[in-house]
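Residue-level structure breakdown
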Amino acid sequence: MLTGLIAQLLNGVQYGLLLFLISSGLTLIFGVMGVINLAHGSLFMIGAYLAFAVASATGVFWLALPAAVAGGVVLGALLERVLFRQFRTRPHLDQVLLTFALILLFEEARSALLGNEFHSVPVPSALDFSVPVIGGFGYSAYRLAVLVICLAVAGAMVWLIERTRIGSAIRAAAENTEMLDLLGLDAGRVHTFVFAGGTALAMLAGALAAPLQSVYPGMGDGFLILSFIVVVIGGLGSVAGAFWAALLVGLIDTLGKAYVPQAAGIAVCAMMAAVLLWRPTGLFGRG
Amino acid sequence: MIVASRTGQCVLGGAALAIASMPLWASAWHMQLASTALVGALFALSLQVLVGATGLVSLAQAGFFGLGAYAVQLLGSPPIWVTLPVAVVAAGLAALLIGPLALRTRGFFFLMTTLAFGQMLFFAFHDTPLGGGTDGVFIQRPFLGFAISRTARPAVFLLLNLGVLVAVYAGLCGLMRTMLGHALQGIRSNENRMAALGHDVQRLKLIAFVLAGALAGLAGHMAALTDGFVSPDLLGWHRSAEALLMILLGGIGALHGPILGAFALTAIQEAGTLVTDRPRLVEGVVFLAAVLFLRHGLAGWRR
């Protein structure tokens, strides 16, 4: 009973950290560019399929992680330059429809290239064992590795945003885009950087998640909705908010699915409703 | 929000008459296709109350649509004078519950919140045995007051859907001319000004949200009747996005825009399935082209 609870808690934290990778990109892209990207869940799906393709072609799962990041940077930069740049100032309706079109096109491209089957990606053999945690209870080493990698990425993001030059430009852009021009910085480059980074994070999350669950066409949908809830709870544009909200949502969703399967979705929704009643701009959002 | 001119109303009336005459000359398959377009138009029109009239882009609309459809299934198909009001009231009540929460937010926050609430309605039917499970169920259509043979069915439902659409459209035309209609349009053009003029903006928005939800429930009810089948997919947010595309295709600034858009999208989707085996690719390209090039929609073609 207790060991089961510990395993579920660890699962929840690890799921929450994956959610953080996805939602931090979503919240930053909104905060800096003012663009809503419904195709963010599809990017997660593309990352997972890329991991499947790389792992089955080379037999080495670890190559999938740099491939997902590199692929995400290229794809994100391309999307920003070609499409999202001109949609920054367009109405929400147009942004919703543009990104919905992208979802359909991404799904079709995936279907044409890799088919519609369910796939499973084997856990890398080096980590295919369990680590004793408490009282002889074992926990998957790969899941622990995912936990560590996500935490490392979160730490790197905080360092990048708080301590580097591009980070201060991102913070300035989130505050006020005109500020960038006053500071003599190129707003376009900051936007490309943020969008490419957000895309790479979502695809990395997909690649990391591939061995944990099956890889299938609609796998990004659930993650998209949950990361929207994370962004609403955490506050738009707030990376710290996304972090804590992602952990909260990850834990509630995982524990809910384990102990009260029918109510898991409703529980997350009720939490969002409570936050909206209490603080309509999210826990960490500015007024 | 433009209500069609006198000439425009005549054209719409002529189109309605042409559809009403379909049982005389069209095949059952064409009548079913027209019914699909009419239900789509009804659904998009319900969303236009929010998007075009009040300026709120909501992604929860499909949830209310699906509730209306499932009302028929959950009630066990009593006569239509029971199912129709129940579907409308149930969807309206759900909108009344979700609305005050979602309307605490604005802009992107509103989009995300409505998406999340809409998906929760979806999960309520997708993850629980409540509505007959993930794959959907066939339903028995409610009694219409007279016996219909299988061959007469497409024609009967076509005329029923047409009648409902015409009634709702006429009702909304009237609404747009009332104080309430003008107030909603005032919110769309400048919310702060309306607040400064002393209007209770929050309450007006909630009225629009509940009215739109109830009408979406009506559309869902008609969809369940027409197809004789309900599935959780009816509540998925993809359907809300499709309704938004109908509005954009037809023209966001016109009350009749969603009707044009629904017929255009149904035709495009049908052509897509006939020509290729990848209809979603066609739909994606249409979405992209519409959002890139067709800023005023079909209703604003000549502007």
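Please refer to the structure higher up on the page.
Everything numeric in this text was worked out from a predicted model, so none of it was measured.

**Some details on the packing of aromatic side chains**
Counting across every chain of the model gives 16 aromatic pairs over all chains. A ring pair is formed by Phe84 of chain A and Phe195 of chain A, whose centres lie 4.6 Å apart and whose planes are at 35°; its orientation type is tilted. Of this pair, Phe84 of chain A sits in helix α3 (residues 64-87) while Phe195 of chain A sits in helix α8 (residues 187-209); the two residues are 111 residues apart in sequence, bridging distant segments of the chain. For the pair Phe84 of chain A and Phe195 of chain A, one class covers both residues: buried. Between the aromatic rings of Phe64 of chain B and Phe209 of chain B, the centroid separation amounts to 5.8 Å while the plane-to-plane angle is 90°, which identifies the pairing as edge-to-face. Remark: Phe209 of chain B occurs in helix α10 (residues 201-227) and Phe64 of chain B occurs in helix α4 (residues 61-75); sequence separation between them is 145 residues. Phe209 of chain B carries the same exposure label as Phe64 of chain B, and that label is buried. Among the aromatic residues, those joined into a cluster by ring pairs are Tyr15, Phe44 and Phe223 of chain A. For the cation-ring pair, Arg90 of chain A lies above Phe87 of chain A, with the distance from its terminal atom to the ring centre recorded as 4.5 Å. Its end group placed over the ring of Tyr49 of chain A, Arg110 of chain A keeps NZ or CZ at 5.5 Å from the ring centre.

**A closer look at the packing of helix α11 (residues 264-278) of chain A against helix α6 (residues 107-126) of chain B**
α6 of chain B packs onto α11 of chain A with a crossing angle of 150° between their chain directions and a minimal axis gap of 10 Å. In terms of orientation, α11 of chain A lies roughly antiparallel with respect to α6 of chain B. With respect to the hand of their crossing, α11 of chain A and α6 of chain B are arranged in left-handed fashion. Here Gly265, Ile266, Cys269, Met272, Ala273 and Leu276 of chain A of α11 of chain A lie close against α6 of chain B, whose contacting residues are Thr113, Ala116, Phe117 and Met120 of chain B. Counted by class, the contact of α11 of chain A with α6 of chain B contains eight nonpolar, two polar and no charged residues.

**Some thoughts on a nonpolar patch on the surface**
Residues and elements named next belong to chain A. Together, Leu2, Leu5, Leu9, Tyr259 and Val260 make up a nonpolar patch on the protein surface, roughly 450 Å² of accessible area in all. Per-element tally for the nonpolar patch: the top contributor is helix α1 (residues 2-33), with three residues. Structurally, Tyr259 is set in helix α10 (residues 239-259).

**A word on helix α4 (residues 92-114) of chain A**
All names here are of chain A. In this model α4 runs 32 Å from its N-terminal to its C-terminal C-alpha over 23 residues, within 8% of the 33 Å that 1.5 Å per residue would give. Counting buried residues in α4 gives 18 out of 23 residues, a clear majority hidden from the surface. Immediately beyond the C-terminal end of α4, within one or two residues, lies Gly115, with a positive phi of roughly 85°.

**A few points about the interface of chain A and chain B**
In this complex, chain A contributes 45 residues to the contact, which on the side of chain B involves 36 residues. Taking both sides of the interface into account, the surface hidden between chain A and chain B amounts to around 4000 Å²; carbon and sulfur atoms contribute 81%. A per-residue breakdown of the area chain A buries against chain B is headed by Leu93, Leu97 and Glu108 of chain A, which together make up 16% of the total. Salt-bridge contacts for Arg280 of chain B lead to Glu108 of chain A; the nearest nitrogen and oxygen are separated by 3.4 Å. Elements that contribute at least two residues to the side of chain A that touches chain B include exactly α3, α4, α9 (219-234) and α11 of chain A. In terms of residue count, α4 of chain A provides more of the side of chain A that touches chain B than any other element does, 17 residues in total. Residue composition of the side of chain A that touches chain B, by class: 30 nonpolar, nine polar and six charged.

**A short note on the environment of Gly213 of chain B**
Residues and elements named next belong to chain B. Structurally, Gly213 can be placed in helix α10. Judged by its relative accessible area of 0%, Gly213 falls in the buried class. In this structure, the C-alpha to C-alpha distance between Gly213 and Gln73, residues 140 residues apart in sequence, is 19 Å. Apart from residues no more than four positions distant in its own chain, Gly213 is found in contact with Gln61, Phe64, Ala91, Gly92 and Ala95.

About the thresholds
- Residues numbered from 1 in each chain as written.
- Chains lettered and ligands numbered in written order.
- Predicted model: local features only at pLDDT ≥ 70, side-chain atom pairs only at ≥ 80, totals over all residues.
- Heavy atoms only, no water.
- Phe/Tyr/Trp six-rings, centres within 6.5 Å; stacked < 30°, edge-to-face > 60°.
- Helix = DSSP H or I, 4+ residues; strand = E, 2+ residues; numbered from the N terminus.
- Buried < 20%, exposed > 50% of the residue type's maximum accessible area, 1.4 Å probe, protein only.
- Lys NZ or Arg CZ within 6 Å of the ring centre and 35° of its normal.
- Axes fitted to C-alpha atoms, helices over the stretch in contact; angles between N-to-C directions.
- Parallel < 35°, antiparallel > 145°, perpendicular 65-115°, else oblique.
- Left-handed = near helix turned anticlockwise from the far one by under 90°.
- Contact = heavy atoms within 4.5 Å.
- Nonpolar A, V, L, I, M, F, W, Y, C, P; charged D, E, K, R; others polar.
- Patch = residues over 30% accessible without salt bridge, like charges linked within 9 Å, V, L, I, M, F, W, Y side chains within 5 Å.
- Areas by Shrake-Rupley, 256 points an atom, 1.4 Å probe, with all protein chains shown as cover.
- Salt bridge = Lys/Arg side-chain N within 4 Å of Asp/Glu carboxyl O.
- Expected span 1.5 Å × (residues − 1).
- Buried area = accessible area lost by both parts, 1.4 Å probe.

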